[in-house]
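# Observations on the three-dimensional arrangement
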Amino acid sequence: MLNPQATPLVFLAAVTVFFGTAVAQDKPDDELTRQLFEQYVARRGKISTESVLAATHLVAERGRQNGFWENVLAELQRNDEQSEIGCVRVLGKMLATDAAARDAIRRSKATGEVSAWAPTVRLDRKVITELLKRAKQADRFRIDHYTIALARSRVPEAREFFQSILVAPVPITPFDEGPSGTFHLTSTRFHAAVGLAQLGDPEGFRWLIANCDDTAGTVTNAWPKGSRPGGGLGACCIEALHQLSGERGLTSKADWEAWLTATDEKSLLNRVVIFGDPH
């Protein structure tokens, strides 16, 4: 059995060896994936963040390939608050890989490009349906995790959900709940804007540009790679825009506004922001 109290480096080294020798024998009832999921993701005790993130990554990698994603979905549907966020994180990572696979398949069809990776989309559409249903019922803190997972997925079905977050009223104080709890945290708004922008929706770009000089807001749970974890909203918006546009030389709001005005909306499709691991 894996020891959930092992140090992160020892844990990861042991799992990596096991992972390296077991890839060819993956199957739906894969014991390693199940143990990692039960002991580190759907956890009940205190475990280091590093170990949880390492296990989350491995469960997502293995479970997407071998069908274990169905077990993760089933655990989410049990409505256990202790395992809910862990399940959403794993499914989000799996969906991100599926999105990358769709990109590769699309490029191959368009250009004949052949990759060493044989891209396949593994998760059933029922995963998106479940995440969207639960996201609309989640409280103001849990909804950010659902928004991140759906942004990672880059599926058009999430467009209306992202839009609903951005048009919701802005709270006057951090404690405002709003009518029927409709207020959302700045972090959730940021992730919804990224989700829209990745779908080629100019409204997502406009929100990121409008907030790219914000020094008061914060982003939590997942940050664009290249930005500082726990960093400010403005810095996260700038890094997201860099990744979405490929324009590393632009920094000011005026620069970004001019760029968006001069850019053909059709060229905004199929852009992606790479998130670091959530804490």
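Conventions we followed
- Residues numbered from 1 in each chain as written.
- Predicted model: local features only at pLDDT ≥ 70, side-chain atom pairs only at ≥ 80, totals over all residues.
- Heavy atoms only, no water.
- Helix = DSSP H or I, 4+ residues; strand = E, 2+ residues; numbered from the N terminus.
- Buried < 20%, exposed > 50% of the residue type's maximum accessible area, 1.4 Å probe, protein only.
- Areas by Shrake-Rupley, 256 points an atom, 1.4 Å probe, with all protein chains shown as cover.
- Phe/Tyr/Trp six-rings, centres within 6.5 Å; stacked < 30°, edge-to-face > 60°.
- Contact = heavy atoms within 4.5 Å.
- Core = buried A, V, L, I, M, F, W, Y, C linked by side-chain atoms within 4.5 Å.
- Disulfide = S-S within 2.5 Å.
- Salt bridge = Lys/Arg side-chain N within 4 Å of Asp/Glu carboxyl O.
- pLDDT = per-residue confidence, 0-100.
- Axes fitted to C-alpha atoms, helices over the stretch in contact; angles between N-to-C directions.
- Parallel < 35°, antiparallel > 145°, perpendicular 65-115°, else oblique.
- Left-handed = near helix turned anticlockwise from the far one by under 90°.
- Nonpolar A, V, L, I, M, F, W, Y, C, P; charged D, E, K, R; others polar.

### Focus: the overall build of the protein
If you tally the helices and strands in the protein, you get twelve helices and zero strands. When the elements of the protein are put in sequence order from the N terminus, they spell out α-α-α-α-α-α-α-α-α-α-α-α. Looking at the 279 residues of the protein, the share that counts as buried comes to 49%. Of the roughly 13700 Å² that the protein leaves accessible, carbon and sulfur atoms contribute 55%.

### Points about the packing of aromatic side chains
Counting across every chain of the model gives four aromatic pairs. Their ring planes at 50 degrees and their centres at 5.9 Å tell us that Phe161 and Phe162 sit as a pair that is tilted. Here Phe161 falls in the buried class, since its relative accessible area comes to 5%. Taken together, the ring pairs connect Phe205, Trp256 and Trp259 into an aromatic cluster.

### Focus: the environment of Leu233
Positionally, Leu233 belongs in helix α11 (residues 233–245). A sequence separation of 20 residues divides Leu233 from Asp213, and the C-alpha atoms of the two residues are 8.1 Å apart. Once you skip the residues sitting within four places of it in the chain, Leu233 turns out to touch Thr186, Phe190, Trp207, Asn211, Asp214, Gly217, Thr218 and Val219.

### Some points on the nonpolar core
Residues Leu91, Leu131, Leu150, Phe162, Phe190 and Leu208 are the most contacted members of the largest nonpolar core, which totals 70 residues. By residue number, the principal contributor to this core is α11, which donates seven residues. Setting aside its immediate chain neighbours within four residues, Leu91 contacts Trp69, Val72, Leu73, Leu76, Leu123, Val127 and Leu131.

### Quick look at the state of the cysteines
For the structure shown, the criterion picks out zero disulfides. Sulfur of Cys236: no disulfide; nearest cysteine sulfur belongs to Cys237 and is 7.2 Å away. Since its relative accessible area comes to 0%, Cys236 is described here as buried.

### Structural notes on helix α7 (residues 143–153)
Across the eleven residues of α7, eleven count as buried, placing the element largely inside the fold. When α7 is considered as a whole, its buried residues turn out to be Ile143, Asp144, His145, Tyr146, Thr147, Ile148, Ala149, Leu150, Ala151, Arg152 and Ser153. Elements that come into contact with the buried residues of α7 comprise α4 (69–76), α5 (81–111), α6 (126–135), α8 (159–167) and α9 (186–198).

### Describing the pattern of salt bridges
With the rule as written, the count across this model stands at 18 salt bridges. Glu31 is the partner of Arg34 in a salt bridge, and the nearest nitrogen-oxygen pair spans 2.2 Å. A residue pair is termed a helical-turn pair when its members lie 3 or 4 positions apart in one helix, as Arg34 and Glu31 do in helix α2 (residues 31–41) at three residues. Since its relative accessible area comes to 29%, Arg34 is described here as partly exposed. Note that Glu157 is salt-bridged to Arg125, the shortest N-O span being 2.3 Å.

### Focus on the environment of Ala101
Positionally, Ala101 belongs in helix α5. With 17 residues separating them along the chain, Ala101 and Ala118 place their C-alpha atoms 8.3 Å apart. The residues touching Ala101, leaving out its near neighbours within four places in the chain, are Trp117, Pro119, Thr120 and Val121.

### Focus: the confidence of the model for the protein
Confidence in the prediction of the protein, expressed as mean pLDDT, is 86, and 84% of residues score 70 or more. Here helix α1 (residues 8–22) stands out as the least confident element of the protein, with mean pLDDT 43; α6 is the most confident, with 98.

### Focus: the packing of helix α3 (residues 49–66) against α5
For any two helices packed against each other, one specifies the inter-axial angle together with the distance between the axes. Contact pair α3 / α5: the axes reach a minimum separation of 9 Å and the direction vectors enclose 55 degrees. In terms of orientation, α3 lies oblique with respect to α5. Read as a crossing pair, α3 and α5 show a hand that is right-handed. Contact residues: α3 offers Thr56, His57, Val59, Ala60, Glu61, Gly63 and Arg64, while α5 offers Arg89, Val90, Lys93, Met94, Thr97 and Asp98. When grouped by side-chain class, the residues that make up the contact of α3 with α5 number four nonpolar, four polar and five charged.

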